[in-house]
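Chains, contacts and geometry: an overview
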Amino acid sequence: ITGPILGIGSILFARFFPAGDGTPARRRPLSVAAAAIVSLALIATYIAQAFYFSSSAPILRGLIILAVLLYYFPFLLWRRTPDNLSLFLRVALACLVVGILVPTMFERRPIVQSALKHVLFIGSYGLLILGIGSRVILGHSGNLHLVKKLPRTFKLIFGTVFLALLTRIVADFIPTIRVSHHIYAALAWILAVGVWSWAVLHYVRTPDPEDDEGEHEENDRPCQERQHPPKVPT
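For every chain, the first residue of its written sequence is number 1, and the numbers climb from 1 along that sequence. The predicted origin of the model limits local features to residues at a pLDDT of at least 70 and limits the giving and counting of side-chain atom pairs to 80 or more, whereas totals for whole chains, interfaces and linings rest on all residues. Excluding hydrogens and water, the side-chain figures rest on all heavy atoms present in the structure.

**Examining the overall build of the protein**
Here is the rule: Per the convention used, a helix needs a DSSP run of H or I reaching at least four residues, while a strand needs a run of E reaching at least two, with both numbered from the N terminus. Throughout this description, buried means an accessible area under 20% of the type-specific maximum (1.4 Å probe, protein chains only), exposed means over 50%, and partly exposed covers the range between. The criterion used for residue contact is that any of the two residues' heavy atoms lie within 4.5 Å.
A count of helices and strands for the protein gives eleven helices and zero strands. Secondary structure elements of the protein, listed N to C terminal, follow the sequence α-α-α-α-α-α-α-α-α-α-α. Within the protein, the proportion of its 234 residues that are buried is 40%. Pairs at least 24 apart in sequence give 71% of the contacts found in the protein among residues at least 6 apart.

Right under this line is the structure:
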């Protein structure tokens, strides 16, 4: 899943950190050759981990992801955080690297290793789903301004996701409360997704204003011109 994340990120990540005039942050273009090399390298680490290199392969995978993020998306380090969605993205990508690298330090302690993997699944994948989903839905419905209009709502979503993460990690360390904390983590995640659905998801039914403008411009053209477009001289 890390390959698709980086592939989608080559288009979307810069939009989370717009400049003062609203244009996306500048990024280095990801060529087809570079994308193929990174994808094959990531797949190779999974194959290596499955057969012989259970410790070194995840370390190499984490370093590849870190190198790609720092080289192609340098604005993640120095660009200020303009809103809560950019915070979602920044924290999620940090959890992506930490969730892959840190568990390898506890190979002889499988309980710790298992607990820390939730940093990857909840802290990274969970926040990425909610953050990128919010950016796409609100952006294509003409409601991106709601990110700044509803800061408390997005902070509640962010805090509830991390409550689920911390509760799930603690559950693995204390067997006597494991079941109850599994329930608490599930309820926290349900609450986060519920609040997100109430604040964001229903906008999927709102048409894209840019599509409407294009349709109006097409309808405003004379009928004869639409049926018989002007010939371009050769």
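**Some remarks on the packing of aromatic side chains**
Two aromatic rings are characterised by how far apart their centres lie and by the angle between their planes. What counts is decided by this rule: Classification of ring pairs rests on two measures: the distance between centres of Phe, Tyr or Trp rings, Trp counted by its six-membered ring, which must be within 6.5 Å, and the angle between planes, read as stacked under 30 degrees, edge-to-face over 60 and tilted in between.
All chains considered together, the criterion is met by eight aromatic pairs. Pairing Y52 with F53 gives two aromatic rings, centres 6.3 Å apart and planes at 70°, and the pair type is edge-to-face. When its relative accessible area of 68% is taken as the criterion, Y52 is described as exposed. With relative accessibility at 46%, the residue F53 sits in the partly exposed group. Between F121 and Y125, the ring centres sit 6.0 Å apart and the planes meet at 55°, which makes this aromatic pair tilted. Of this pair, F121 and Y125 both sit in helix α6 (residues 110-140), four residues apart, roughly one helical turn. Of the residues examined, F121 reaches a relative accessible area of 45% and is grouped as partly exposed. Site record: aromatic cluster; members linked through ring pairs are F88, F154, F158 and F162.

**A look at the packing of helix α5 (residues 84-101) against helix α8 (residues 151-173)**
Rule in force here: An axis is simply a line fitted to the C-alpha atoms; with a helix, the fit covers only the stretch in contact. Between two such axes, the angle follows the N-to-C directions and lies from 0 to 180 degrees. Note that the term roughly parallel is reserved for angles under 35 degrees, roughly antiparallel for angles over 145, roughly perpendicular for angles of 65 to 115, and oblique for everything else. Should the near helix be turned anticlockwise from the far one by less than a right angle, the crossing is termed left-handed; should it be turned clockwise, right-handed. Classes in brief: Ala, Val, Leu, Ile, Met, Phe, Trp, Tyr, Cys and Pro nonpolar; Asp, Glu, Lys and Arg charged; the others, Gly included, polar.
Running from N to C, α5 and α8 point in directions that differ by 20°, and their axes come no closer than 10 Å. In this view, α5 runs roughly parallel relative to α8, as classed from their interaxial angle. In this structure, α5 crosses over α8, and the sense of that crossing is right-handed. Seen from α5, the contacting residues are N84, L85, L87, F88, V91 and C95; seen from α8, they are P151, F154, K155, I157, F158 and F162. Per-class residue counts for the contact of α5 with α8 are ten nonpolar, one polar and one charged.

**Description of the side chain of N84**
Assignment of secondary structure puts N84 in helix α5. On the basis of relative accessible area, N84 is assigned to the buried category, the value being 9%. Apart from residues lying up to four places away in sequence, N84 is in contact with V147, P151, F154 and K155.

**Section: a nonpolar patch on the surface**
The criterion, for reference: Patches in this entry comprise residues that are over 30% relatively accessible and not in a salt bridge; like charges within 9 Å are linked, as are nonpolar side chains (Val, Leu, Ile, Met, Phe, Trp, Tyr) within 5 Å. Note that accessible areas follow from Shrake-Rupley with a 1.4 Å probe, and for residues the cover is restricted to the protein chains shown. Salt bridges, as used here, are contacts in which a Lys or Arg side-chain nitrogen is within 4 Å of a carboxyl oxygen on Asp or Glu.
A cluster of nonpolar side chains, contributed by L40, I43, I47, F51, Y52 and F53, occupies part of the molecular surface with about 740 Å² of accessible area. Looking at where Y52 falls in the secondary structure, it is placed in the loop between α2 (32-51) and α3 (56-72).

**Thoughts on the confidence of the model for the protein**
One rule of thumb: low pLDDT means the predicted coordinates there are not for detailed reading. Just so we agree on the cut-off: pLDDT expresses how confident the predictor is about each individual residue, on a scale running from 0 to 100.
Averaged over all residues, the pLDDT of the protein is 82; the fraction at 70 or higher stands at 86%. Confidence, read as mean pLDDT per element, is least for helix α11 (residues 223-227) in the protein (50) and greatest for helix α9 (residues 178-199) (93).

**So, α2**
Let me state the cut-off plainly: By definition here, a helix of n residues has an expected span of 1.5 Å times n minus one. Note: the arc covers the axis-to-C-beta directions of the helix.
Between its terminal C-alpha atoms α2 stretches 29 Å, which fits the 28 Å expected from 20 residues at 1.5 Å a residue. Regarding α2, the residues found buried are A34, V38, L42 and T45. Taken around the axis of α2, the buried residues stretch over an arc of 70°, which confines them to a single face. Across α2 from its buried face, at more than 90 degrees, point the exposed residues V32, A33, I37, L40, A50 and F51. Summarising the contacts, the buried residues of α2 are in contact with α1 (2-12) and α3.

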